[in-house]
Amino acid sequence: MRAIAPLLLVMLAVAVCGCTSTSDTDLNAENSDLKVENLEVIPEGYGYYSIKGQITPSRDFDYLEIVLRWYDAEGSVIQEDPLAWNINNVKSGQSVKFSTYSYIDAGTPAKVDLMIFEDPFSSGDESSAIYKTTLNV
């Protein structure tokens with residue numbers, strides 16, 4: 001019984017943390033500082049994929065970067081692009097179109113997480129993303 005108590009405490013702690021984590025919905029809420037629209041994933045052939053879209057900030061940003069995390073049909077990560085796109089000095093209300101390319105040779109992607117950060121070299125740490133969405137390929 002003594003061996004089970006610590007295990008139950010760990011399971012309870014994990015469950016509580018899971019219930020309070022930030023979800024995709026939280027990062028895409030209407031009070032976000034970014035409006036991201038017209039997102040499109042385009043298979044270009046021979047393992048190349050492009051993602052295009054438009055970002056309109058509601059406040060000034062010194063820097064924005066996009067990180068991509070690609071998944072196969074089983075949900076396994078097959079590639080991460082830590083700096084797929086970036087821009088400096090984006091002004092409030094200024095629409096910015098972006099386009100980025102990825103070459104994937106480790107499988108066939110089924111979906112991709114697109115995350116936007118306001119700090120350089122974010123390393124894809126989702127907890128500091130200011131926007132996140134998942135796109136089907």
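Here goes a summary of the coordinates provided. Keep in mind it's a predicted model, so treat the numbers as computed, not measured. (Residues numbered from 1 in each chain as written. Predicted model: local features only at pLDDT ≥ 70, side-chain atom pairs only at ≥ 80, totals over all residues. Heavy atoms only, no water.)

Sheet faces and side chains relate simply in a regular strand, where the side chains alternate between the two faces. Two strands pair when backbone bridges link them, and strand S1 (residues 34-45) and strand S2 (residues 48-57) are joined in this way by nine bridges, in the antiparallel orientation. Across the sheet, glutamate 37 pairs through a bridge with glutamine 54, a residue of S2. Following S1, the chain reverses through two residues before pairing antiparallel with S2; tyrosine 46 in that reversal takes a positive phi of roughly 55 degrees. (Pairing = 2+ DSSP bridges. Helix = DSSP H or I, 4+ residues; strand = E, 2+ residues; numbered from the N terminus.)

Here threonine 56 lies in strand S2. Since its relative accessible area comes to 15%, threonine 56 is described here as buried. A distance of 2.9 Å separates polar atoms of two side chains, one belonging to threonine 56 and the other to serine 95. In contact with threonine 56, other than residues within four places in its own chain, are Asp33, Leu34, Lys35, Glu37, Gly93, Gln94 and Ser95. (Buried < 20%, exposed > 50% of the residue type's maximum accessible area, 1.4 Å probe, protein only. Polar contact = N/O pair within 3.5 Å; in protein donor to acceptor, adjacent residues only side chain to side chain. Contact = heavy atoms within 4.5 Å.)

Turning to the packing of aromatic side chains, a few remarks are in order. Geometrically, a pair of aromatic rings is defined through the distance of the ring centres and the angle of the planes. Tallied over the entire structure, the rule returns three aromatic pairs. An angle of 45 degrees between the planes, with centres 5.5 Å apart, marks the rings of tryptophan 85 and phenylalanine 98 as tilted. Of this pair, tryptophan 85 sits in strand S4 (residues 77-90) while phenylalanine 98 sits in strand S5 (residues 96-103), and the two are 13 residues apart along the sequence. The class for tryptophan 85 is buried, based on a relative accessible area of 13%. Directly above the aromatic system of tyrosine 71 lies the positively charged group of lysine 111, at a separation of 5.1 Å from the ring centroid. (Phe/Tyr/Trp six-rings, centres within 6.5 Å; stacked < 30°, edge-to-face > 60°. Lys NZ or Arg CZ within 6 Å of the ring centre and 35° of its normal.)

Two side chains carrying opposite charge are able to pair once their charged atoms lie near each other. What the rule picks out here adds up to seven salt bridges. Residue aspartate 33 pairs with arginine 59 through a salt bridge whose shortest N-O separation is 2.7 Å. With aspartate 33 in the loop between helix H2 (24-27) and S1 and arginine 59 in the loop between S2 and strand S3 (61-71), this residue pair connects regions lying 26 residues apart in the sequence. Judged by relative accessible area, which is 30%, aspartate 33 ranks as partly exposed. Arginine 59 gets classed as partly exposed once you look at its relative accessible area, which sits at 31%. Two residues, arginine 69 and glutamate 126, come together in a salt bridge whose shortest N-O distance is 2.5 Å. On the criterion of sequence distance, the pair formed by arginine 69 in strand S3 and glutamate 126 in the loop between strand S6 (111-117) and strand S7 (131-136) is long-range, its members being 57 residues apart. One network of salt bridges, in which partners are shared, links Arg69, Glu80, Asp113, Glu126 and Lys132. (Salt bridge = Lys/Arg side-chain N within 4 Å of Asp/Glu carboxyl O.)

It is worth spelling out unusual backbone geometry at this point. Most peptide bonds are trans, and most residues other than glycine sit at a negative phi. In this model, asparagine 89 sits at a positive phi of 50 degrees, which is unusual for a non-glycine residue. Secondary-structure assignment places asparagine 89 in strand S4. Although it is not a glycine, phenylalanine 121 sits at a positive phi angle of roughly 55 degrees. What makes phenylalanine 121 exposed here is its relative accessible area of 70%.

You can see serine 50 is positioned in strand S2. We classify serine 50 as buried; its relative accessible area is 0%. Along the primary structure serine 50 and serine 99 are separated by 49 residues, whereas in three dimensions their C-alpha atoms are 6.8 Å apart. Apart from residues no more than four positions distant in its own chain, serine 50 is found in contact with Glu40, Val41, Ile42, Glu44, Thr100 and Tyr101. Looking at serine 50, its side chain comes within polar contact range of the side chain of glutamate 44, at 2.7 Å.

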